[in-house]
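What follows is each chain in one-letter form.
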Amino acid sequence: MNLLIMGLPGAGKGTQAAKIVKAFNLVHISTGDMFRAAMANGTEMGKLAKSYIDRGDLVPDEVTNGIVKDRLAEEDIKTNGFLLDGFPRTIEQAYALDTILKELDLPLDGVINISVNPDILLDRLSGRIINKKTGETFHKVFNPPADYKEEDYYQREDDKPESVKRRLEVNISQGQPILDYYAEQGLVQDIEGDQEIDQVFADVEKVLNKI
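Report on the accompanying structure.

Basis of the calculations
- Residues numbered from 1 in each chain as written.
- Predicted model: local features only at pLDDT ≥ 70, side-chain atom pairs only at ≥ 80, totals over all residues.
- Heavy atoms only, no water.
- Axes fitted to C-alpha atoms, helices over the stretch in contact; angles between N-to-C directions.
- Helix = DSSP H or I, 4+ residues; strand = E, 2+ residues; numbered from the N terminus.
- Left-handed = near helix turned anticlockwise from the far one by under 90°.
- Contact = heavy atoms within 4.5 Å.
- Nonpolar A, V, L, I, M, F, W, Y, C, P; charged D, E, K, R; others polar.
- Buried < 20%, exposed > 50% of the residue type's maximum accessible area, 1.4 Å probe, protein only.
- Core = buried A, V, L, I, M, F, W, Y, C linked by side-chain atoms within 4.5 Å.
- Pairing = 2+ DSSP bridges.
- Salt bridge = Lys/Arg side-chain N within 4 Å of Asp/Glu carboxyl O.

1. Section: the packing of helix 4 (residues 61-72) against helix 6 (residues 91-103)
One way to put it is that helix 4 packs onto helix 6 with a least axis distance of 10 Å and a crossing angle of 35°. Relative to helix 6, the crossing made by helix 4 is right-handed. In contact with D61, T64, N65, V68, K69 and L72 of helix 4, helix 6 contributes E92, Q93, A96, L97, I100, L101 and E103. In terms of residue class, the contact of helix 4 with helix 6 is made up of six nonpolar, three polar and four charged.

2. A short note on the environment of Q174
Structurally, the position occupied by Q174 is in helix 8 (residues 161-184). Since its relative accessible area comes to 36%, Q174 is described here as partly exposed. C-alpha of Q174 to C-alpha of I5: the two residues are 169 residues apart in sequence and 15 Å apart in space. Discounting chain neighbours no more than four positions away, the residues touching Q174 are R89 and T90.

3. Thoughts on the nonpolar core
A general feature of soluble globular proteins is that nonpolar side chains tend to end up buried together. Among the nonpolar cores identified, the biggest contains 31 residues, and I29, L72, F82, L84, L97, V111 and Y182 are the most heavily contacted of them. Elements supplying a minimum of two residues to this core: strand 1 (3-7), strand 2 (27-30), helix 2 (31-41), helix 4, strand 3 (82-85), helix 6 and helix 8. In this structure, F24, I114, L121 and V200 belong to the second largest nonpolar core, which totals 23 residues.

4. Looking at the sheet that holds strand 1
Ordered in space as 2-3-1-4-8, the five strands form an open sheet in which the pairing is parallel. Because the sheet does not close on itself, it has two edges, and the strands there are strand 2 and strand 8 (188-192). Sheet twist, expressed as the average angle between the axes of neighbouring strands with direction ignored, equals 25°. Here four bridges tie strand 2 to strand 3, and the two strands are oriented parallel to one another. Its bridge partner being in strand 3, H28 is matched across the sheet by L83.

5. Some thoughts on the side chain of T31
Following the sequence through the fold, T31 ends up in helix 2. The exposure class of T31 is buried, given its relative accessible area of 14%. Residues contacting T31, with those up to four places away along its chain left out, are D85, G86 and F87.

6. Observations concerning the packing of helix 6 against helix 8
In contact at an axis separation of 8 Å, helix 6 and helix 8 are set at 35° when each is read in the N-to-C sense. On helix 8, the residues that touch I91, A94, Y95, L97 and D98 of helix 6 are P177, I178, Y181 and Y182. Partitioning the contact of helix 6 with helix 8 into residue classes produces eight nonpolar, no polar and one charged.

7. Details of the pattern of salt bridges
On inspection of all chains with the given rule, the structure shows 13 salt bridges. In this structure, K69 engages E103 in a salt bridge whose closest nitrogen and oxygen atoms are separated by 2.5 Å. Here E103 lies in helix 6 and K69 lies in helix 4, a separation of 34 residues in the sequence. Residue classification places E103 among the exposed residues on the basis of a relative accessible area of 51%. Salt-bridge contacts for D76 lead to R71; the nearest nitrogen and oxygen are separated by 2.8 Å. On the accessibility criterion, R71 (18% relative accessible area) is buried. Each of the salt bridges in this network shares a partner with another, and the network as a whole consists of R128, R156, D158 and D159.

That is the geometry; function is a separate question.
This is the structure:
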């Protein structure tokens, strides 16, 4: 079984990915892991990626696509199947993935989309606070400190509501065309992510057991 997993930041995609991989014995492929492995192994694409990263430049799609193709061509993918996490991030990468999968003769069996209302995610992601003295992390709603005094805590810039809102907007604008593209192919399975973790996974299992 070969799958993609998608979801906005804070939707619980990483948690569900780990559960899917364990339950269905799939190879978990994340973009970050692929890049690190390719650079550590000194592959042609890994060296190219490193040259861009060392200069502080964005790695171009053709290099990212090459690293994905190299990883999907490895033997464990044919044996176990994959769960691809963090790729594609753009519609152009989705088109490239189609080409890669055709060249490697690998079918794509489904796209799991962990779906949560962006307003809920805004509350989740913008509630993180840090103790100025101890560095301990809390959440205003889900894990508040017992002795909360506003002056004793601070918020990182990227956790502030306006920053989180921008990040969600960018992810929605990039992700929706990808979901639409795969939905046209009948591949998208929407899973309600605003539930207890185990219930979300129970819903994922129901869907995957039918594939």
